[in-house]
Structure formats: C-alpha cells, structure tokens
Amino acid sequence: MARTLRLGIDVGGTFTDVVAIDAQTREVVARVKVPTTHSAQEGVAAGIVAGIEALFAQSGIDPDDVAFIAHSTTQATNALLEGDVATVGVLGLLDGFAPLARIQIRFPQLQLAPGVPFETRFAFARAGDGNTAHAAISNLQAEGAQAIAVSQPFAVDRPDAEAAAVADARAQGLYATAGHEVSSMYGLRARTRTAALNAAILPKMVRTARMTDDAVKRAAILSPLMVMRSDGGVMDVREMERRPILTLLSGPAAGVAGALLHENVTDGIFIEVGGTSADCSAIRAGMPQMRPARVGGHRTMLRTLDVRTLAIAGGSMIRANDRNIVDVGPRSAHIAGLKYASFVDPALFDGAKIERMRPTPHDSEDYTAIVARDGTRVALTPTCASNMLGFVPESAFARGNAQAARRGFEVLAQALDGDAESLARDLLEIASARVIAAIEELIADYELDRETLVVVGGGGGAAALVPYAAQRTGFEFRLARDAEVISPIGVALALVREVVERTIVDPSPDDIIRIRREAQDAVVAAGASPERVEVAVEIDAQRNLVRATASGASELAESAAHRVESDEDLRTYAARLMRAAPEDVTLAAQTGALFVYERERHSRRRLGRARITRDLRVLDRTGVGRLALRDAFITQTTASQALNVLPAAIEEATAFGDVGRALPDIYVLHGARIADFSGLAAAEQAVALASEELAGRAPDAPAVILTASRPA
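So, here is what we can say about the structure in this document.

Calculation rules
Residues numbered from 1 in each chain as written. Predicted model: local features only at pLDDT ≥ 70, side-chain atom pairs only at ≥ 80, totals over all residues. Heavy atoms only, no water. Helix = DSSP H or I, 4+ residues; strand = E, 2+ residues; numbered from the N terminus. Buried < 20%, exposed > 50% of the residue type's maximum accessible area, 1.4 Å probe, protein only. Contact = heavy atoms within 4.5 Å. Areas by Shrake-Rupley, 256 points an atom, 1.4 Å probe, with all protein chains shown as cover. Lys, Arg positive; Asp, Glu negative; His and termini not counted. Charge placed at Lys NZ, Arg CZ, Asp CG, Glu CD. Pairing = 2+ DSSP bridges. Axes fitted to C-alpha atoms, helices over the stretch in contact; angles between N-to-C directions. 1 Å grid on protein atoms, 1.4 Å probe; cavity = no way out; pocket = protein on both sides within 12 Å on 5 of 7 lines; lining within 4 Å. Points joined across faces, edges and corners; volume = space filled by probe spheres on them. Nonpolar A, V, L, I, M, F, W, Y, C, P; charged D, E, K, R; others polar. Expected span 1.5 Å × (residues − 1). Bend = angle between axes of the 7 residues up to and from the residue. Phe/Tyr/Trp six-rings, centres within 6.5 Å; stacked < 30°, edge-to-face > 60°. Core = buried A, V, L, I, M, F, W, Y, C linked by side-chain atoms within 4.5 Å. Parallel < 35°, antiparallel > 145°, perpendicular 65-115°, else oblique. Left-handed = near helix turned anticlockwise from the far one by under 90°. Salt bridge = Lys/Arg side-chain N within 4 Å of Asp/Glu carboxyl O.

### Points about the overall build of the chain
Here is step 1: The helix and strand inventory of the chain stands at 20 helices and 39 strands.
Here is step 2: Principal axes of the C-alpha set define a box for the chain whose edges measure 80 × 75 × 60 Å.
Here is step 3: Counting every position in the chain, which comprises 712 residues, the buried fraction comes to 57%.
Here is step 4: In the chain, 67% of the contacts between residues at least 6 apart in sequence involve partners at least 24 apart.
Here is step 5: Accessible area for the chain stands at about 28,600 Å²; split by element, carbon and sulfur atoms hold 49% of it.
Here is step 6: Taking the average location of the 75 positive side-chain charges in the chain and that of its 89 negative ones, the two points are 3 Å from each other.

What follows is the structure in structure tokens.
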C-alpha cells in the first residue's frame, strides 16, 4: 500500500529546508537543505522548487504520495523591514465631508524600520459613487501608486462600496485590497493602516505565490499548495493572494507549530535557536499565546503568535577587551563569514592569534576572532563553548569537536591572560542571561506554572543555549526530536485556520452562533475537512469583541491520518505529558476518539497542609495531546443529555469574587472534536453553542464536559 506524505518547506534567510512526514506515523522520512534564492528571477520560489526536486531525487518519493504541501515564508517580514514594498494609494470612501473619518484614514507616515519610510498617497471619494471612486483611483495611479488600499468607516458591516472600489482598481491593472478584507473589527485608523500594509506587499507576494504554485503543479503534485500563517495555521494560495499580511512572522510560527504538533508540548516555553537569533514563545494548556502585531511601532489588526526574538544564538560572536569577554553578539559568525571553532581541525590553532574586527561597518570594533597561520578566521561562539563544556548531546545537530573548541579558547585565554574553561563559561553566562530573561518574562506575562514548566529547544543551535540556560534556572528541559528541522515539520503538520472577529455590544447566543458558523464555513472553504473542524469562541466584554477561530486538517491529509494506538500506549503517552509514572495516571472519561487522563499531584506543604492538584490531559487516538487543564471538573455524558447537565457543570466550576462571578473555561468533547467555549460571558451562550455543536450526533454518542475555574 502506498504511503501518504505531508511536505513541509521552511524558507529561511539563508537556507530552505524541506521535509517529508509520513501522515500516519508522523515520522520524518526524508529531508533536504538548499540555499534560499532571494536573488533569483523567480525569487524564493526557485529555492522551494529546487528543494522539492532534491527531496524527490534523493528519497524516491512519488509525487502522487503527497497529500499535503505547505511552506512558510519570511518574505512579508523582510519586505517590510527592508522597504521592498509598493507605493500605496489609500482611497477613503466617505459619506459626505466626514472630517473625523478623513483624519482617521489619513494616518501619519510610518517608518517600517529605521530609515525605511512607508510611501503612501491619499485620495477621497463619496461612498457608493463609482465615478468619483474611479477618478480618485486614476489620480492615485498618476501620482505613482502601485497598489490601492480602500477604506470606509463601518465597512465591516457594509462592505459593498469597498468591494466595488477594489474591483475598479483591479480593472485598471492595479493590485488592491480593502479594510474589510484584512479585518472585520471596528477601528478605522488601525484597519486602514493594516490594509495599506497589506497592499504594500501584494505585488511581490502575489508574484511569488503564483510562481511557487505553478512550479509545484509542474512537479506533478496534485495537492493544493498551502502557506503558513502568522498564527500557526495555514491558508491556501488564493487566500494568500488576498491577505499576504497574514504571513507576517510565518517563519517563527512554523517552529511553534512543530513544538505543538511534533514535540507535543502542552505547557512550557519553546526556544528555537538558529545561527543568528533565537525565538522564544509560551505554550499554555496546549495553546500558543497570541498578541496584536505592531509594524513601525504602530498597532495593526493582525494577531500573531507572541514570539520574542533575541539577538543571541548558536553562532553569536564574542566581544572582548584586553582582560574579559564583555558581550556576545548580536553579530553572528554566519554574517561575518567565519568558521566555528568547534567545526575545524584542532591543528588549525597551532600558531593562531587573536584579532579584533568589525564584521560590518555598523558594528563595534571589539568583536574578537581567531586568525590561523593560513589566514582562516575562526569564531568562538556559544556552540563552541557548549561543546567544550560538555553540554551538547552526542546526537544533537550542534555537536562538534570539543577538543577543537578547547584549543580555540586556549588561544583566547593566552591573549587575555585567563583560563579557557572560565572564558567558555563566561561566554555561556552572558548568552544564557538573555534567554533566561525572556523565559522569566513569558512566565510572568502568561502566569505559567513554574512547577510543571518544561523548556523545549528547537532549531539547529538549540543545544548551544538551552541546556545551559535550563541548568541555571533549574527548569526541566529537553531538545525536540528532529530539532534542526522543527520548523518545516511544523509547516508539514499545520492545520488550516481562519479567524472571524466582530465588534458586538452584549452579543446574543444567536450572534455567537452566526459568527461561529462563519468561521467554520471559511475554514472549510479554505480546504479543511468538515468532520474535524474545531472552533474556539472568545468574548472580550470590555472591548465588545467576539472572535471565532476555526482550524482543521485538510481533506487529503485528514483521510491519511489514521494511526491508532493501544489503550496502554495512550496511558503511557499521557503519563509522559504529565511527567508521571503510568501507574499514577487514570482514564477519567472518553468519547471513543478522545481520552481524558487524570493525575493527582501533591505539592510542597504550606502551613502544615499538603496542596493537591489534578492535572488533566486530553489525547486523541494517535497519541497527540489535544488539551491540558488543571483542577477541571469532568462530566461523562451523552449527546442527548449534554445540554441538560451543562448548566450544572458550569455552575459547579463558576468562581465568585469581589468583582462578581467568572464563568469557567468550558470544553465539550464529542467524537474526535473539542469544542472550546472558554471566555464566554453567560451560561446561556455556552448552552446555545453546545446545541449547535452537538446537532446531528446520535443521542447515545458519548460526550464529555470539562469545566475549569477561572479567578473572579
């Protein structure tokens, strides 16, 4: 029987990694690395195609076996940071003079990055008047606009005028987008700014997307090409051509997706370490943490994974004075064109000497390198220090020659009148301090449990920083499986995702159901299998915001993923997730496709009393952790009885405090689906959503209700 594969492609700044994952076992069956082709006529598409061809040639993969293919991209981020964007004409559609709306639409000039201004032109027309809109678009084009962003007050409720102006602009040969396409939220200035940024990257992103899509088709891959989003999901090429700004930070999002879907992290901090930078992110209860994206210091309507990027990594160079190492980075050996001391022949250091250098004209002069007698320049990096001090496991990608690293530090020690071991430890102390600061910041921001926290390292440079930083903090840590390709693995395993947001004052159950259905329909239209779509609904009463996030596997990929684990294996997997012995874990409830495991944990005594907590993990039949909760109430029921027992289950877990009552986080499990009703404002809303969710289920189908209290 032919195997079914998922292909993931991570387009990095230097290299493009391609992996093939067996859809049933989730094991990596092939991987290749090729240079990223920024300067090619086809752009990064050329490198993507070269990677696919190399993968097929080396592994003998048949294109017919590919059920899913997706790639991440740094192109949107790089385009904004480097100013490689189109000149944008912003067309404001107004009802009458509307002076306040004019001020909101005509946003101040942005600086995409230091010294990189965002060029915009502005024009206004009467909403619904096609003639004046057409003339305004023509004038913007005459002024040099290459793409059009159309914005109208309250267009999220009445998008017809924006849509007509976009169609007009496209008919005139321009790239165009509208405010209602990039966000369904109120907030005219932020929505206009987001639409303008989307328009700015449209020309380049659309060209690249089409070239890549055509190339994939020429490779005889029948599965539609998907693109990684900044929230950790994927979307099809058609959607990417409409909203390319959703790929902002798609590269770091790929690593987080790998931590969730391949490494099965449910509670912890994931640190992806490359050669130049490290990305840190928090995962709580099996969910990555999100925040609004900012460009040039200004808020956008785009929600991205909260990824903290540090200018420290496996290849960061040392900076030294005559006595000590004073800093590490931000410049890396890769950028400076230097070799790592741990990856050269130890004999190269015979007769070598220290040299101060300035890797780029913008750098300080205290970067320190080793110059061999033959002129070879070598850097001392965290990778070298960790290899020398024994922190790099033998199987790790960063494993190098510890003796060569020691010889390099001995050359430095001779020049600084110190000793090699102390200098290597000093380097790691300086480098790890930044990682530890990011870990502590994430713990504080998301109130992570320090007792159960695990630090997981990914990326080729993970072993250079994560083991030492974890040792200093005392946190449990591990290096991810296939750490050096965790990002393309995350791309390969990612789910199709769509988000629908609406501003509604005091939403009714019908309002919430409508928005939920809209998100579900959107993700199915984007290629997700209807049977496995899950929708999480959030309500922010302070901002009058209702957000529905729908996700699900693609049709072809879903049909292939049918691995089934034994009951004993599932219990072992659950125990591993909860860091417990299998005999301490019990099966508390199940739906037949989802399994709720529970473990009691006794923490240190306080005032003479032991504190007992109950950890819960929900696993699917393939052994993947789908949800993590603490001290949740469990109700095993059936589809026909769920609506009757749900109010009591909610009341049991509702917390009361000085500010009133706080509804618990609510999850309804049935079949292989987890319906997330967390963050609702009223029990009636949860009952209405549950009724919608369970419609069509057999009356005796098992269902599970999980409710977890939140502070009032």
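### Points about the sheet that holds strand β8 (residues 120-126)
Here is step 1: Spatially, the 4 strands line up as an open sheet ordered β8-β5-β9-β10, and their pairing is parallel. Each of the sheet's edge strands pairs with one partner strand only, and the pair in question is β8 and β10 (175-178). Here the average twist between neighbouring strands, direction ignored, is 20 degrees.
Here is step 2: Pairing between strand β9 (residues 147-151) and β10: 4 bridges, direction parallel.

### With respect to empty space enclosed by the protein
In this approach a probe as big as a water molecule rolls over the atoms, and the regions it shows empty are the leftover space.
Here is step 1: Within this structure, the stated rule accounts for 1 cavity of 30 Å³ or more.
Here is step 2: Here the largest cavity defines a volume of roughly 50 Å³.
Here is step 3: Lining the largest cavity, in full, are H71, T73, Q75, M205, T208, A209, T212, V227 and M240.
Here is step 4: At 4 residues, helix α7 (residues 188-218) tops the list of elements feeding residues into the lining of the largest cavity.
Here is step 5: Grouping the constituent residues of the lining of the largest cavity by class yields 4 nonpolar, 5 polar and no charged.

### A few points about unusual backbone geometry
Here is step 1: Here the amide bond leading from G329 into P330 is cis, since omega sits at 5 degrees, within 30 degrees of zero.
Here is step 2: Looking at the element boundaries, P330 is found in strand β20 (residues 325-332).
Here is step 3: Located in the positive-phi region is R579, a residue other than glycine, with phi close to 55 degrees.
Here is step 4: Mapped onto the fold, R579 is located in the loop between α18 (567-577) and β30 (586-590).
Here is step 5: Residue R579 is classed as partly exposed on the basis of its relative accessible area of 35%.

### Digging into helix α19 (residues 639-653)
Here is step 1: With 15 residues, α19 should reach 21 Å at 1.5 Å per residue; the first-to-last C-alpha distance of 21 Å fits that figure.
Here is step 2: A bend of about 45 degrees at V645 is the largest found in α19, and the proline P647 appears one to four places after it.
Here is step 3: Among all positions of α19, only A639, A642, L646, A649, I650 and A653 are buried.

### Structural notes on the packing of aromatic side chains
Here is step 1: On inspection of all chains with the given rule, the structure shows 4 aromatic pairs.
Here is step 2: Each ring, one from F107 and one from F122, has its centre 5.4 Å from the other, and the planes form 80 degrees; the classification is edge-to-face. With a gap of 15 residues between them, F107 in the loop between α3 (99-105) and β6 (111-113) and F122 in strand β8 connect regions that are remote in the sequence.
Here is step 3: When its relative accessible area of 3% is taken as the criterion, F107 is described as buried.
Here is step 4: In this structure F122 comes out as buried when scored by relative accessible area, which is 17%.
Here is step 5: Taking the centre distance of 5.6 Å and the plane angle of 35 degrees together, the rings of Y340 and F343 count as tilted.

### What to know about the nonpolar core
Here is step 1: Counting 63 residues, the largest nonpolar core has I271, F409 and L412 as its most contacted members.
Here is step 2: Considering each element in turn, this core owes the most residues, 13 residues, to helix α13 (residues 420-446).
Here is step 3: Non-local contacts of L412, meaning those with residues more than four positions away in its chain, are made with I318, I325, I354, T368, L380 and L423.
Here is step 4: One finds I48, L94, L188 and I201 within the second-largest nonpolar core, a separate group that totals 58 residues.

### As for the side chain of S151
Here is step 1: You can see S151 is positioned in strand β9.
Here is step 2: Residues within four places of S151 in sequence aside, it is in contact with L91, G92, L93, I105, E162, L188 and T192.

### Some details on the pairing of strand β5 (residues 88-94)
Here is step 1: Extensive coverage of β5 is indicated by the burial of 7 of its 7 residues.
Here is step 2: Burial of β5 is two-sided: the residues V88, V90, G92 and L94 facing one way and the residues G89, L91 and L93 facing the other way are all buried.
Here is step 3: The sheet contact formed by β5 and β8 spans 7 bridges and is parallel. Looking at β8, one finds that V90 is bridged to F122.

### So, the environment of E410
Here is step 1: Inspection of the secondary structure assignment puts E410 in helix α12 (residues 402-416).
Here is step 2: The exposure class assigned to E410 is partly exposed, which follows from its relative accessible area of 37%.
Here is step 3: In sequence terms E410 and F349 are 61 residues apart; their C-alpha atoms lie 9.2 Å from each other.

### Brief notes about the packing of α12 against α13
Here is step 1: Following both chains from N to C, one finds α12 and α13 inclined at 100 degrees, their axes separated by 8 Å at the closest point. By the angle between their axes, α12 is roughly perpendicular relative to α13. The segment α12 lies against α13, with R406, F409, E410, L412, A413 and L416 engaging A420, E421, L423, A424 and L427.
Here is step 2: Of the residues assigned to the contact of α12 with α13, the class counts are 8 nonpolar, no polar and 3 charged.

### A few points about the packing of helix α1 (residues 44-59) against α7
Here is step 1: Remark: α1 packs on α7, axes separated minimally by 9 Å, with the N-to-C direction vectors making an angle of 20 degrees. On the basis of their axis angle, the class for α1 and α7 is roughly parallel. Note that α1 runs across α7; the crossing there is right-handed. Contact residues: V44, A45, I48, V49 and I52 in α1; T208, M211, T212, A215 and V216 in α7.
Here is step 2: Residue composition of the contact of α1 with α7, grouped by class: 8 nonpolar, 2 polar and no charged.

### A few points about the side chain of R497
Here is step 1: Tracing the backbone through its elements, the reader meets R497 in strand β27 (residues 496-503).
Here is step 2: At 4.2 Å, D231 is the nearest oppositely charged side chain to R497, a buried residue that forms no salt bridge.
Here is step 3: In this structure, R497 is in contact with R229, D231, G233, V234, V523, T549, A550 and S551, ignoring residues within four places of it in sequence.

### A closer look at the pattern of salt bridges
Here is step 1: Under the defined criterion, the tally for this structure stands at 50 salt bridges.
Here is step 2: Here R291 makes a salt bridge to D306, at a shortest N to O gap of 3.2 Å. One end of the pair, R291, is in strand β16 (residues 290-295); the other, D306, is in the loop between β17 (298-305) and β18 (307-310), and 15 residues separate them in sequence.
Here is step 3: We classify D306 as buried; its relative accessible area is 2%.
Here is step 4: Linked through salt bridges whose partners overlap, the residues forming this network are R229, D231, E239, R242, R243 and E498.

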